[in-house]
Each structure stands twice: as structure tokens, then as C-alpha cells.
Amino acid sequence: MALASQGPGARRLDPTLVVFSLLILVLVFLVANPVLRLVYESLRGDEGGLTLSNYASAFGRSRYVTALWNTLYLGITATAFSLILALPLAWGVSRTNLPAKGWFHLGVLAAFITPPFLGAIAWVLLAGPNAGWLNRGWVAIFGGDGPFNIFSFWGVAVVVALYAFPLVYIFAKSALDLISTELEDAASIHGAGKLATLRRVTLPLILPAVCGAAILVFLEAIALYGTPVLLAIPAGLNLATTQMAAFFEYPVRVDVAAAYAMPMLATTVVLLAVQKLLLSRKGYVSVSGKGGERRPQDIGGWKWVLFAYAFFVMLLTVIMPLVMLLGASFSRAWGRGIAADNFTLANFRHIFLEQATVRDTIVNTLMYSAAAAAICVVIGLAVAYVTQRRVLPFPGVIQFLALAPFAVPGIVLAVAFYAAYGGPPLSLYGTGLIIVIAFVTRFLPISATAATAAVKSLNPELEEAVRILGGSRRMAITRVVVPLLRKTLLGAFILVFVIATRELSTAVFLTGPNTRVMSVLILDLSEQGSYEVLAAVGIVMLAVTTIVVAVGAKFVGRDFMLRRH
Amino acid sequence: MGISRRHFNAALGASIALPAFFARAATDEAHLKTLHAAAQKEGELTWYVAHTTSEVAERMSQRFTQRYPGVRVNVVRTTAQVAYQRLNQDMKAGVANCDVFASTDLGHFVDLKQRKALMPYRPQSAALLDKRFQDIDPDAAYNVTGSNLISMLYNTARVPAEKAPRSWKALTDPAWKGQLSVGHPGFSGFVGTWLVQMVELYGEDFIEALAANQPQVGRSIIDTVTTVISGERVASAGPVSLALMQKSRGNPIDVSYVDEGCVLMVLPSAIMANTQRPNAAKLWMEWAVSEDTARISTEEFNSPVLAGFPPREGVRPLAEIKTIQPTVKQIIEGVPELTEVWRDAFGV
């Protein structure tokens, strides 16, 4: 408003342009600051000046290089698993008459709000080669040795995928929700079977969303810290993040760690280029001025096959791990399993009544995550709009800046944040602000990806219509773009909010005594070996996040998850 | 400022000279009163701590303030590596956030002392320590305020007490192949120190033989307790106090005190040279070895470092446990080198 009434100059100077430019400046500052510092550190010699010796140290040992390859394989495998888990579910829930689809949708959400580290702990209890309940069950029935080993490459890849696949699901489903049935009808009228329609029409239309989500999953998989530490070390599998942690041991070699992080940054660049190549010269517009009807497709008997598959996925991601955690949270001694004399409410009493820290930690987590999510959505929308509609120059660079933070392992990013904001002149260490800044920077890629996919699907004609009729760009954005994308933006908010509540690797470094968050508390508890309390805290955290997400979704818009039936 | 500096130097000189006469004597109450009065003017201190869990650290800070009203403690609890990284960032930025530094990694103290970043101070209460903890640094740049023990732990549901491993050699004994668990020296200072002691006892071949025996390698030494309780592996080299705490809750775990001796971990604390609250920091160092802290230590199933203080039921007093420990020099030189050997042998 204030910008619009700035006098005669405002006429020529589009006020939205000013806002966009400011937001992009914030983006440049948030991302360029730590990332450039990282690049600089990697090239800095001990005596000042530039050197490549850090790179020599970082890649001079075969073990270090092996870790990078392992990480690459893990990223690819976990992404593939995620797609396999997510796509049938997303399609089933969004486009078919899959039974109990609302429950499956909630189930995916439950998997999503589970911190990967918490899930990994549950899976150790489930699939530990000797003591895991799955293996014990197998041995009891079939004898011999248990077939599952969580401490292996495949174990790590599966567990990573189990808590990353909801990203693909959410992106794919929101894209599927936008496709009108008429497009599919057109295909079948022209003689295409159901499978051909799926392959030639539906799937290609959601390619941008799936592509973006797959990249996010890949980047999350290669930068994850908690799960590798818990599962990969016992597996004898060296990964980039565990190797990175080694560079932070005494004597700390930040410069070498920075050099070591460069291939991951380069990977992001390559992935973005590949994405561009894949998506170029095709139209993905599925939202236009015309309404379009969306109704579920009857897939006949296949719906039970899909139902069984979806149930299997739920079993792996939610039901079995949750049973493990619930069991431990009500136990006096988790090692004794479920027994009447082992039952207690003491762990919950402990965290609710005896420990002020847990309550403070919950409040901190919700506050920081919500603040970060709100900022992320605003900047993300700006990035998407600016790059898709080419409002500002260098859209490629802006796009890269928005995605780059995801490729830098949290542990490294945390050091950069601490260096950039911890000491004077800002001295933000120990405040909640530094955590919010870190979360915003780290999760911008998610909101930017979500917003970009959404803007891509929006036909520019809608905005052009506003402009032709004399409306300003601001009007086009506030009255057309935002309302049309409201659900996507709300989805992005919840997405970032949830991911922020799960965040561990940066938080562990930046939280101070009064700014601790849940994930750090859970890590602390696992370091102390108190798994009964840890499980209770985990359950409470899941419950609180679920309630907040549900209330938020109900409050802002009607049921963000179940679009139309 | 000048006066307080001179006063402080005089006090420092006196406190270094005193122990010779006051050895084994109780801490001088007048000295504590003077420190308390001066510390009240400073009002607070910031404690970077890796020794304990957050909860215990908070409890300690509260009890300190109860004992010495008017002196608040800001607890910054992290892992040792993070604490050290943070401290270095502070020093680079020229800010004196930290007053008392309590890492679990001896290397940090040796390094800081070399850089003259520590203020030597010999607390009078140091004379009350068990002999094994006295004079760890001849210049008193850092002093022991806590300890821990590593021994063999075993799952009581899977291994009868008489079959439990009584020697560190079990770790390399093929009879135990695939059944044991250890921590990783690259992720845990405790494991690093323990490994140095193992190599002292059995030579560097110990690491190869251990790797060949396929133990499950956890991140920290705590994981070895978890692994044994779950039954994933039946025995491990792990921390005694946590095992005893878990045992008291009913978890199927117990300690086997090994014949060669349990490995003793020393946990020092130090005052930073650039502290703006030297009196509060000194008061803290005095209090760190006291009945207050010994009591907290027993609550955590530790054997107190305060000589003669009785541990809780089910925990052996230190005096009755055979212990072995590497020297500071051995740890400083050994840990980085042996960690590399370890990583080559285990692949991680």
C-alpha cells in the first residue's frame, strides 16, 4: 500500500518489482553469505592467500573419496526407493477410487513428521540383525538366522527413503490434484487405455513436480547426518557426512571440510542442469482459466492391489516403528520388551511434570519452525515468480541460489552460520533468531521448489488478463496468483514447518541453553542412552506436531490434504 | 582494575604455594568467602560443558547458585567437539563468552594451554581428590573435576555372570567373534583414550585383531550400552556408570570389572585466561570438587572423585577398583594416530 502511493515515480517503478528485488536481496544475503564463505574457506591457505592444498587433503585419501562415492550411490538408491514408495500412493490417493485413501494420506503425513533419526532408532529395534523384532519373529517361525540387517547399505537406503518419500508424495499429489480429468478423458476418447493414459498424459504432466521432489530427496539423502551415524558406522560404511564429522574433530579442519563439501555443491549444479534439460520445451500448464472437472478413476480390482501396497508402505513407515516407540515409551526398561510388570507412565510424567526443559523445547521448536516456514514461503514465492515470469535478470542464478543450501551438509552450513552470525557485530549465538535464519536458509529450496512447480502449472494468461484489463502486477499477484496457489503455498508452509521440526544437523550446532529444539533433545537423550525417555519425548513430539499441522490446516483452509473427491 | 589484577596475582601465587602445606586439609572457608564476595560482584559465569548430560549440568548450576547465592551459572552444554569449535570461534572473534571450559577431550586442554588461553589456578579443593586425579597438569592450567570408568559390560539374560568376559583380551578372542560391541575413537574421546590404553597393553596389532573379530561399532561409547541391553550383541567395552544406572532400572546389563584394570577417564575443567569473571570461575573450580558435586555424581551412579565419599548402593568406590590409565602425553599423541589405524582397519 505504502509503496503504491509513492507519488509520480511510483507509476513507472512497479512497486512489486521493488518488493521482489528486496526479497531476492535477502535471498542473496542469506545464501551467498554462508556459501561464499564456504568456498572461500576451501581455498584459504593457513598463512592467508589462496591454495588448493585443502582440496589435496580432502581428496588425497582413498577412504575419503570412497565415502563420496558411497554417498552418491546412497543418494541414488534412496531416491529410487522414495519414488517407488511415493508415486503409486500419490496416484492412488489423488486420482483413483483407492479405498481408505484418507487414512493413507494421513499415514504419509505421519511418516513425514517423524524425524528420520527417531525413525532410524525404531528401525534398529525392528531390524537389528540379532535382537530386531522382525528377525526374532522370523527365527521363531522359520528358524535359522534372521534375514534383515539394518546395519548395511540397503538398510541405510531403505530407512532414509522411508522418511524422505513423503516429499515426493506431497509434490506429486499436489500436481496430480491440479490435472483435470478432461485431459485423461481426451486420451481415452482417442483410444488410449488406462495404462497408456497414465504413461503418456498423467505422469508427464507431473514431471516437473516429481523431478523437483526427487532432487530434494537426493540432496536430503546425501546431507543427512543422524541416520548414517546411527546405521552406517556399524555397517562399516563411510559416508560423506560421517567423514565430514571427522574433519571437525580435534584438530578442527574447517577449510578441508569446506573443500570436501564442494562436490556436493557441484552435484546440485549438475542436477539443476539435468532438470532444466528434462523439462525444457514442454508445456506443463494444467491450471488455466477454464474450470475442469476432477473425479477419481475407477481402477476395478486393481484398487485392492494398490490398497495392499499402500498398507505395506504404512506398515514400514508408520505402524511398526510407532509400535516400537510406544512400547519403549511405556517401559521401565526398554530392553525387557513388553510385559505387565514393565509398564509405567513414569517416562511421560518425567517429561511433563519433572522436566521444564521438555516443555520449553516444544515451544521453541514450534516457534522457530513456524517463523522459518512463513519467511520461506514468502521468499520462495518471490523466487518462483521472479524466475518463472522472468521479472528480474539472471533467473538461473536466482534459482541456483535458492537450491544451493540444500546441498551443503547441515553440519558444514552450521559452521558457516556460526561464523557469519554468531560473533560480533551481530552476536546472534544463543538467540532464537540465528536458528530461524539457519532454518530459512536451509529450507528455502523446499519452498522455492514447491512454489516453482506451482507457478509453472499456472497459465500466464490469467495474469495477462489482469494486466490487459488495467490491473497492476501487484493486483495480479495478490488477487490471482496467491489465491489460486493458496493451497500450494499453505502446503509449502506446512512442508517447511514439518521439516524444520525434524531438523537436526544445523540445530545441533546452533542451539544454546535456552534455545534447544526437540531434535537436539532427542539426540542428547540417545547420547545418554535413555531410550525410554527418548521414546516418550518422540511420541509427544509426534503428537504435538500432528495437532499443530491439523489445526493449522483446518484453520487456514478447509482440509489442505484432501482436495477433492 | 589495576588493584584487582594485583590482588588476583597475589591470590594466584598463594594458591600455587599453599597445597604443599595444606595437602589433605579441608578447603579454607575464609578463602571461599572472599571468592564468593568477589564473585557476587561479577554476578554470573558461563560454563561450556561436555562432561555431563544437559539435565545434570543444569542441576549442578542450580546447586551452585543455592550454595553461593548471587552467582548465576549459564550452562552451555554440547559435545566436546562442538564446545571446542565454539570456543575457538569466540577466541577468533575476540569475545570472552566462556569462563570455565569443561571438555571431555584432553587434547583440547593441552592445545589451549600451549596457546596460553588458560588461566592457571590450583583449587584448594584439589587436595581432596582421589590420588589418581591429583596434579594432572603440573602447572594447574587444568584440574580434574570428574571421571568415568570403562570396563566390560554384558547382557545378563544372554551371558551368565561366571561366563562374562573378565579380560580385555575377550575383544580379540575368536570365541567372542561377532558378539561384542565397541565405540568409535573418531566419535568419542572416551573410546580414543580407551584405545590408547589397549594398545599400551597389547600393541597395535590389537586393532587388527579387534576388527577381525567383527564387533559392532557404535558412534559413541554410550551406544555400546544400548547394543548390549537390546541383545544385539552380548558384551561390550563401555561406561560403568551408565550400565549400572540401566541395571537399576531393570535392564538386563551388568558390569564385569576386568582383571587388567578398568580404564580410568579423567575429566578436567579449566578457567579461560580471558575471563571477565575470574572470581566466579575460581569459586566454581573450588566447588567442582566438593560434597555437593560428589552427591550429584553418586546420583548418576558414578564413583565420586572426592576421596572417601561413599558411592550409592550397588556402585563400587573407586578405592576398591583396579584402574589403569594412559598419560596425558600418550593420549595426545596416540589418539589421532590410532584413530587413523582404526579407520583403515574398520573402513569407517
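Rules behind the numbers
- Residues numbered from 1 in each chain as written.
- Chains lettered and ligands numbered in written order.
- Predicted model: local features only at pLDDT ≥ 70, side-chain atom pairs only at ≥ 80, totals over all residues.
- Helix = DSSP H or I, 4+ residues; strand = E, 2+ residues; numbered from the N terminus.
- Rg over C-alpha atoms; globule rule 2.2 N^0.38 Å.
- Buried ≥ 20, exposed ≤ 12 C-beta atoms within 10 Å, placed from the backbone.
- Contact = placed C-beta atoms within 7 Å.
- Nonpolar A, V, L, I, M, F, W, Y, C, P; charged D, E, K, R; others polar.
- Core = buried A, V, L, I, M, F, W, Y, C linked by C-beta atoms within 7 Å.
- Domains from an automatic or database assignment.

1. Brief notes about the overall build of chain A
Move 1: The number of helices and strands found in chain A is 26 helices and zero strands.
Move 2: Over its C-alpha atoms chain A spans a radius of gyration of 24 Å, differing by no more than 12% from the 24 Å that the globule rule assigns to 565 residues.
Move 3: For the C-alpha atoms alone, the extent of chain A along its principal axes is close to 75 × 70 × 50 Å.
Move 4: Taken over 565 residues, chain A has a buried fraction of 52%.
Move 5: Contacts in chain A between residues at least 24 apart in sequence constitute 79% of all its contacts with a sequence separation of at least 6.

2. Comments concerning the environment of asparagine 302 of chain B
Residue and element names in this part refer to chain B.
Move 1: Residue placement: asparagine 302 occurs in the loop between helix H12 (291-299) and strand S11 (323-324).
Move 2: Given 26 C-beta atoms within 10 Å, asparagine 302 falls into the buried group.
Move 3: Measuring from C-alpha to C-alpha, the distance between asparagine 302 and glycine 146 comes to 9.3 Å, with 156 residues separating the pair along the chain.
Move 4: If near-sequence neighbours (up to four positions away) are discounted, asparagine 302 is found in contact with Asn148, Ser241 and Ser297.

3. Observations regarding the interface of chain B and chain A
Move 1: In this complex, chain B contributes 41 residues to the contact, which on the side of chain A involves 36 residues.
Move 2: When residues of the side of chain B that touches chain A are traced back to their parent elements, those giving at least two are strand S2 (72-77), helix H5 (80-93), helix H6 (106-114), strand S7 (216-217), helix H9 (222-230), helix H10 (240-249) and helix H13 (328-346) of chain B.
Move 3: Its residues assigned to classes, the side of chain B that touches chain A shows 14 nonpolar, 21 polar and six charged.

4. Concerning the nonpolar core
A general feature of soluble globular proteins is that nonpolar side chains tend to end up buried together.
Move 1: Membership of the largest hydrophobic core comes to 297 residues, with the highest contact counts inside it found for Val168, Phe171, Ala172, Ala372, Phe417 and Val496 of chain A together with Trp284 of chain B.
Move 2: The dominant element in this core, judged by the number of residues it contributes, is helix H8 (residues 153-178) of chain A, at 19 residues.
Move 3: In this structure alanine 172 of chain A touches Ala86, Leu87, Ala90, Ile206, Ala209, Val210 and Ala213 of chain A, once residues within four positions along its chain are discounted.

5. Concerning the domain arrangement of chain B
Residues and elements named next belong to chain B.
Move 1: Per the domain assignment, the segments making up chain B are domain 1 (2-145 + 266-306) and domain 2 (148-264 + 322-346).
Move 2: The interface of domain 1 with domain 2 comprises 14 residues on the first partner and 13 residues on the second.
Move 3: Residue assignment for the side of domain 1 that touches domain 2 shows that the elements contributing at least two residues are H6 and strand S10 (262-272).
Move 4: The biggest single contributor to the side of domain 1 that touches domain 2 is H6, with three residues.
Move 5: Class assignment of the residues belonging to the side of domain 1 that touches domain 2 gives a composition of seven nonpolar, four polar and three charged.

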